[in-house]
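Coordinate inspection notes
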Amino acid sequence: MRFLHTSDWHLGRAFHRVNMLGAQAEFIGHLVTTVREREVDAVVVAGDVYDRAVPPLAAVELFDDALHRLADLGVPTVMISGNHDSARRLGVGAGLIGRAGIHLRTDPAACGTPVVLADAHGDVAFYGLPYLEPALVKGEFGVERAGHEAVLGAAMDRVRADLAERPAGTRSVVLAHAFVTGGEPSDSERDITVGGVASVPAGVFAGVDYVALGHLHGCQTLTERVRYSGSPLPYSFSEAEHRKTMWLVDLDAGGAVTAERIDCPVPRPLARIRGPLEELLADEGLTRYEEAWVEATLTDTVRPADPMARLAARFPHTLSLVFQPDRAPDDPDVSYARRLAGRSDQEIAEDFVAHVRGAGPNGREQAVLRDAFDAVRADEAVREVAR
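Residues numbered from 1 in each chain as written. Predicted model: local features only at pLDDT ≥ 70, side-chain atom pairs only at ≥ 80, totals over all residues. Heavy atoms only, no water.

**Overview of the packing of aromatic side chains**
Any aromatic ring pair is given by two values, namely how distant the centres are and how the planes are angled relative to each other. Using the following cut-off: Two rings from Phe, Tyr or Trp (for Trp, the six-membered ring) form a pair when their centres are within 6.5 Å of each other. A pair whose planes differ by under 30 degrees is stacked, one over 60 is edge-to-face, and the rest are tilted. To qualify as a helix, a DSSP run of H or I must reach at least 4 residues; to qualify as a strand, a run of E must reach at least 2; elements of each kind are numbered from the N terminus. Residue burial is assigned from relative accessible area. The probe radius is 1.4 Å, only protein chains are included, and a residue is buried under 20% of its type maximum, exposed over 50%, and partly exposed in between.
This model, assessed by the stated rule, comprises six aromatic pairs. Relative to Tyr-210, the ring of Phe-3 has its centre 5.4 Å away and its plane inclined at 70°; by these criteria the two rings are edge-to-face. Separated by 207 residues along the polypeptide, Phe-3 in strand β1 (residues 2-6) and Tyr-210 in strand β10 (residues 210-214) bring together distant segments of the chain. As far as burial versus exposure is concerned, Phe-3 and Tyr-210 are alike and both buried.

**A few points about the nonpolar core**
Quick note on the threshold: Throughout, nonpolar core names a set of buried Ala, Val, Leu, Ile, Met, Phe, Trp, Tyr and Cys residues whose side chains join them through atoms within 4.5 Å. The contact criterion used is simple: two residues touch if any of their non-hydrogen atoms lie within 4.5 Å.
The biggest cluster of nonpolar side chains holds 30 residues, and the ones touching the most others in it are Leu-129, Phe-141, Leu-152, Met-156, Val-174, Phe-205 and Leu-213. Only β8 (122-129), α5 (134-141), α6 (148-164), β9 (171-177), β10 and β12 (226-228) provide two or more residues apiece to this core. In contact with Leu-129, other than residues within four places in its own chain, are Ile-80, Cys-111, Leu-152, Ala-155, Met-156, Val-159, Val-174, Leu-175, Ala-176 and His-177. Within the second largest apolar cluster, 28 residues are counted, among which are Trp-9, Val-45, Val-49 and Leu-248.

**Side note on empty space enclosed by the protein**
Rule in force here: Within this scheme a cavity is a closed region of a 1 Å grid, computed over the protein atoms alone, that accommodates a 1.4 Å probe without allowing it to escape, whereas a pocket is open but has protein on both sides within 12 Å along at least five of seven lines; lining residues each have an atom within 4 Å of a point. Grid points are joined across faces, edges and corners, and a volume is the space filled by probe spheres set on the points. Gly is put with the polar residues, along with every residue not named as nonpolar or charged; the nonpolar set is Ala, Val, Leu, Ile, Met, Phe, Trp, Tyr, Cys and Pro, and the charged set is Asp, Glu, Lys and Arg.
Within the structure shown, the criterion is met by one cavity of 30 Å³ or more. It is α6 that contributes the most residues to the lining of the largest cavity, three residues altogether. Partitioning the lining of the largest cavity into residue classes produces six nonpolar, two polar and no charged.

**Some points on the pattern of salt bridges**
Between side chains of opposite charge, a pair can form when the charged atoms approach closely. To be explicit about the condition: We count a salt bridge whenever a side-chain nitrogen from Lys or Arg sits within 4 Å of a carboxyl oxygen from Asp or Glu.
Enumeration over the complete set of coordinates arrives at 17 salt bridges. Close ionic contact of Glu-224 with Arg-227 constitutes a salt bridge, the shortest N to O distance being 2.9 Å. Given the relative accessible area of 4%, Arg-227 is considered buried.

**Section: the sheet that holds strand β14 (residues 257-263)**
Rules: Being paired, for any two strands, means DSSP has found at least two bridges between them. All axes are obtained by fitting lines to C-alpha atoms, using only the stretch in contact for helices, and the reported angles, taken between N-to-C directions, cover 0 to 180 degrees.
Taken in spatial order, the six strands of this open sheet run β6-β5-β4-β1-β13-β14, and their pairing is mixed. The open sheet has two free edges, formed respectively by β6 (102-105) and β14, since each of these has just one partner strand. The sheet shows a mean angle of 20° between the axes of neighbouring strands, direction not considered. Direction of pairing for β1 relative to strand β4 (residues 42-46): parallel, over a ladder of four bridges. Bridged to Leu-4 within β4 is Val-43. Contacts from helix α1 (residues 21-37) reach β1, β4, β13 (245-251) and β14 within the one sheet, and its direction differs from that of β1 by about 165°.

Here it is as structure tokens:
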């Protein structure tokens, strides 16, 4: 069976004030063309179809167009909800839409109920594991403490139990939206840390032929059978070095995997440039970036006059300007934002405790802070679902 693995469309999302709906529509057209020309048997979309729980109307219309075009091809599509989606909203009408061959899997309780497709070699069971917010689904899966590994492990137990009841030789594909250990994140993914832990081991998915992952925006191979497709478009300058692709996966009669990367359309290249303003304006080696979307980091010790206007005269698509004077890390003038870069909320809170009382939190206090951050995350998730 040949299927196309994609994820993280984030329909409705902008890129530094640039409306991306046109580029997203171009991607949908490219996906449909690829399905037709490469004789794809199924499409899998591993979550974050939308960028937020209540997407703008234009994004909903684009999704509706995508559904109609995929249904017109007569090629089955399996989609799950991601952490940016409202699972309940995305799942509205799933029963009716399923009759057209578009299978929306947004209910955690249905993790062990696959979409079964067949080819010349027999059945392939596609199991959709929507994003599982631990605090909201721990009761469904009967786990005592909310955590990504616990709830995903319980969901996979249901998958393996169902698979064990199917005819011998049934092949299996799991769609999941999670941060799996070994994956490389970027700045544009929403933090899903729970209990101080964001990632789960790839071993959680043992026992299936292919795992189509979503959440991380870079295309990655964790193992031959566990892969991220990445987002089809860039959503932060941290993705400047990404090659945006989809996976074209062939699953043979015995469940062996062969995968090929299919490039996605590039609306405009990304570039990150760094240095004193005058050097950036004069450097002939930067000519290749004059038509790119640019993030410029200025290292001048004194903030120059009108930096954005002067940069835009040479790089008209400059979208982000960062002022980062070259100073030693312990220089008191180093910005607060730079000192906090790369640190989690938990680490920042622990540093604050150490600053105000002269000693960091003990183990019990760390647990209290962790539980407080988890409670806030869970409350935000409940509010998003209820909107």
